[in-house]
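Fold and contact review
What follows is the residue order along each chain.
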Amino acid sequence: MLNKFLDLGKQPIANGFLYKDQIKDEYFFNLGVAFDEDTKLITQTEYVDPPLMFNDEYVYRGSMSQTMREHFKELSGVLWKNDSPMPKILEIGSNDGVFLKHWPTDSTVAVEPCGNFAKETQDMGYTTYAEFWTTKLAEEIKLTNGERDIIFAANCICHIPDLYETFKAVDILLKPNGVFIFEDPSLAEVINNNSYDQIYDEHPHVFSVIALDNLLNRNGLEIVKVKNLSVHGGSNRIYAMKKGVGSIHKSVEQNKSYERVLGLDKMETFIRFAEKVEQSKDDLVRLLRKCKYEGKKVISYGASSKSTTIFNYCGIGPELLSYITDTTPEKQGKLSPGVHIPVIAPEQGFNETVHFAYLGAWNFIKEIKNKEKDFVDGGGKFITHVPTIRVV
Ligand code: TYD
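A brief structural summary. No experiment lies behind these values; they were computed from the predicted model shown. (Residues numbered from 1 in each chain as written. Predicted model: local features only at pLDDT ≥ 70, side-chain atom pairs only at ≥ 80, totals over all residues. Heavy atoms only, no water.)

Structural notes on the side chain of S107
To be explicit about the condition: A run of H or I in DSSP counts as a helix once it spans at least four residues, and a run of E counts as a strand once it spans at least two, with each numbered from the N terminus. Here's how the labels work: a residue is buried when its accessible area is under 20% of the maximum for its type, exposed when over 50%, partly exposed in between, all with a 1.4 Å probe on protein chains only. Whether two residues are in contact is decided by their heavy atoms: any pair within 4.5 Å suffices.
Topologically, S107 is positioned in the loop between β4 (89-92) and β5 (109-111). Exposure remark for S107: the relative accessible area of 14% places this residue in the buried category. The contacts of S107, once residues within four sequence positions are left out, are M86, P87, K88, I89 and R148.

Okay, structure coming up:
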């Protein structure tokens, strides 16, 4: 049974950056968040139809941050050592190839429903299926390319509404002793950081290890290891295998018992979380209004999907934030979804005229602070909502 605990209001497609003449056709939906008493999954009350989000105009590039480029390079080094046979890998949601590029083109297969990015990895030499991940596709790939030693997905499985279909498809294509490795933002960290901005159309679920273990178990798989990661504000890398094949590492029970201590298996925890979310909204709006009253120029740094949730839930538009800077060419020159704040390149707008920069990409705070020393030395300050509203 779904128990709704949070209403983030009317929201647009989080990555739906648009031109002025597209405003009249902009799509909105109601973003409600619920706790499933049965599986303990945190999920949305209404799912956006995937093709509305993932299509040939998709703008999110995984390779835009140094942190993520290094993260995938390091992981690739861990998954294959020179003296072992090269594993046959398939990546679900390969985006612009930021992980894929560390693997050989002849044995690696990519699945990417966004046609623009599928073309990029195809051009890099990888067999790329420009389709959504389904049991039908898994059967087709099994026949054409063979079963896989590793099925990998980063920041992708939590994007897929139908987890039963997803896990069944993995079970079809995985070799009997193959490993399904996937990483997504961790619910424990979302609760610890009050990072409610991890919830938007593309993230219909926020995963706890408890919920994932329940869901994988119902689909012939089980978690054999969990690794906590710092990326994306705190993520979990899940290693799963077919049931009964692998030995279960102690990290699985450790993570589940930590989550029980946090109360991630109880509705009360999420009711308290919802109260903190509302407080965060009030505090952020108050701070931005104060800045405006004092004549300070405030912009946003990083046109993240996460900030779409924040700005639309809090009702923050161009009257409070002059513009957003972002390094992604596909976002520049457009307006942010829903509240229509202009997005420009950092070279055009991240300069000495800015007093405060709200961290839309707070998850890259280290990388950004390193990169923007001149801004900080010149007296510029960053604002974040994580874990509470503050100037850093
Ligand atoms: P990310 O947090 O990955 O976004 P999302 O919430 O959509 O998953 O990325 C944030 C955005 O910030 C992305 O569009 C790239 C941009 N960005 C910059 O503009 N400058 C930077 O230095 C970094 C690290 C990211």
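Overview of the sheet that holds strand β2 (residues 28-36)
Under the convention used in this document: When DSSP locates at least two bridges between a pair of strands, those strands are taken to pair. Axis definition: a line fitted to C-alpha atoms, over the contacting stretch in the case of helices. Angles run 0 to 180 degrees between N-to-C directions.
The 4 strands are arranged β1-β2-β3-β9 in an open sheet whose pairing can be described as antiparallel. Every other strand in the sheet has two partners, leaving β1 (2-12) and β9 (205-206) as the edge strands with one partner each. Of the pairings in the sheet, the one linking β1 to β2 comprises 8 bridges and is antiparallel in character. Paired with N3 across the strands is F35, a residue of β2. Running at roughly 85° to β1, helix α10 (residues 305-314) makes contact with β1 and β2 of the sheet.

Focus: the packing of aromatic side chains
Selection rule: Classification of ring pairs rests on two measures: the distance between centres of Phe, Tyr or Trp rings, Trp counted by its six-membered ring, which must be within 6.5 Å, and the angle between planes, read as stacked under 30 degrees, edge-to-face over 60 and tilted in between. We call a charge positioned above a ring when the Lys NZ or Arg CZ atom is no farther than 6 Å from the ring centre and deviates by at most 35 degrees from the ring normal.
Applying the stated rule across the entire model yields 17 aromatic pairs. Ring centres of F180 and F182 lie 4.5 Å apart, and the angle between their planes is 20°; on these two criteria the pair is classed as stacked. This pair shows no difference in class: F180 is buried, exactly as F182 is. Pairwise contacts between aromatic rings join F72, F99, W103 and F152 into one cluster. Over the face of the ring belonging to Y239 we find K225, whose NZ or CZ atom lies 4.8 Å from the ring centre. Just above the ring of Y313 sits the side chain of K281; from NZ or CZ to the centre is 4.4 Å.

Quick notes on the sheet that holds strand β7 (residues 148-154)
Spatially, 7 strands are ordered β6-β5-β4-β7-β8-β11-β10 in an open sheet, and the strand pairing comes out mixed. Each edge of the open sheet carries a strand with a single partner, namely β6 (127-129) and β10 (221-229). The sheet shows a mean angle of 20° between the axes of neighbouring strands, direction not considered. As defined by bridge partners, β4 adjoins β5 across 3 bridges and the pair is classed as parallel. Bridged to L90 within β5 is V109. In the packing of helix α5 (residues 163-173) onto the sheet, contacts are made with β4, β7, β8 (174-185), β10 and β11 (235-242), and the angle to β8 comes to roughly 145°.

Things to note about the environment of F72
Structurally, F72 is set in helix α2 (residues 66-79). Given the relative accessible area of 5%, F72 is considered buried. Spatially, the C-alpha atoms of F72 and A154 are 9.3 Å apart, while their sequence positions differ by 82 residues. Ignoring any residue separated from it by four or fewer positions in sequence, one finds F72 in contact with V98, F99, H102, F152, A154 and E183.

Notes on the packing of helix α9 (residues 267-293) against α10
Worth spelling out the cut-off: To sort the angles, those under 35 degrees are grouped as roughly parallel, those over 145 as roughly antiparallel, those from 65 to 115 as roughly perpendicular, and the leftovers as oblique.
α10 packs onto α9 with a crossing angle of 80° between their chain directions and a minimal axis gap of 10 Å. Comparing the axis directions of α9 and α10 gives the class roughly perpendicular. When α9 is examined against α10, the residues V277, E278, K281, L284 and V285 are found in contact with a partner set consisting of I310, Y313 and C314.

Examining the site of the ligand
Rule in force here: When we say a residue is near a molecule or strand, we mean one of its heavy atoms is within 4 Å of it. Within 3.5 Å is the distance limit for a polar contact, defined as a pair of N or O atoms, with the added protein rule that one can donate a hydrogen and the other accept it, and that residues adjacent in sequence qualify only through two side-chain atoms. Here the Shrake-Rupley method, with its probe set to 1.4 Å, supplies the accessible areas, and only the displayed protein chains count as covering residues. These domain boundaries are the output of an automatic or database domain assignment.
If you check the shell around the ligand, you find 19 residues, and the closest are Y60, S305, K306, K331 and K371. Interatomic distance of 2.7 Å between a side-chain N/O atom of Y60 and an oxygen atom of the ligand. T327 places a polar main-chain atom, nitrogen or oxygen, 3.0 Å from an oxygen atom of the ligand. With the chains in place, 96% of the 570 Å² that the ligand exposes on its own is no longer accessible. In terms of residues, the shell around the ligand owes the most to one element, helix α12 (residues 365-371), which gives 3 residues. When residues are assigned to domains, the shell around the ligand turns out to be shared by domain 1 (41-264) and domain 2 (268-391), each giving three or more.

A word on the pattern of salt bridges
The condition is simple: What makes a salt bridge here is a side-chain nitrogen of Lys or Arg within 4 Å of a carboxyl oxygen of Asp or Glu, nothing more.
Enumeration over the complete set of coordinates arrives at 16 salt bridges. Residue D7 is joined to K4 by a salt bridge in which the shortest nitrogen-to-oxygen separation is 3.5 Å. Using a relative accessible area of 47% as the deciding quantity, one classes K4 as partly exposed. Salt-bridge contacts for D96 lead to R61; the nearest nitrogen and oxygen are separated by 3.4 Å. Here D96 is found in the loop between β4 and β5, whereas its partner R61 is found in the loop between α1 (50-53) and α2, with 35 residues between them in sequence. Summarising the burial analysis for this pair, D96 and R61 share the class buried. What emerges from the salt-bridge pattern is a single network uniting R61, D96, E120 and E330.

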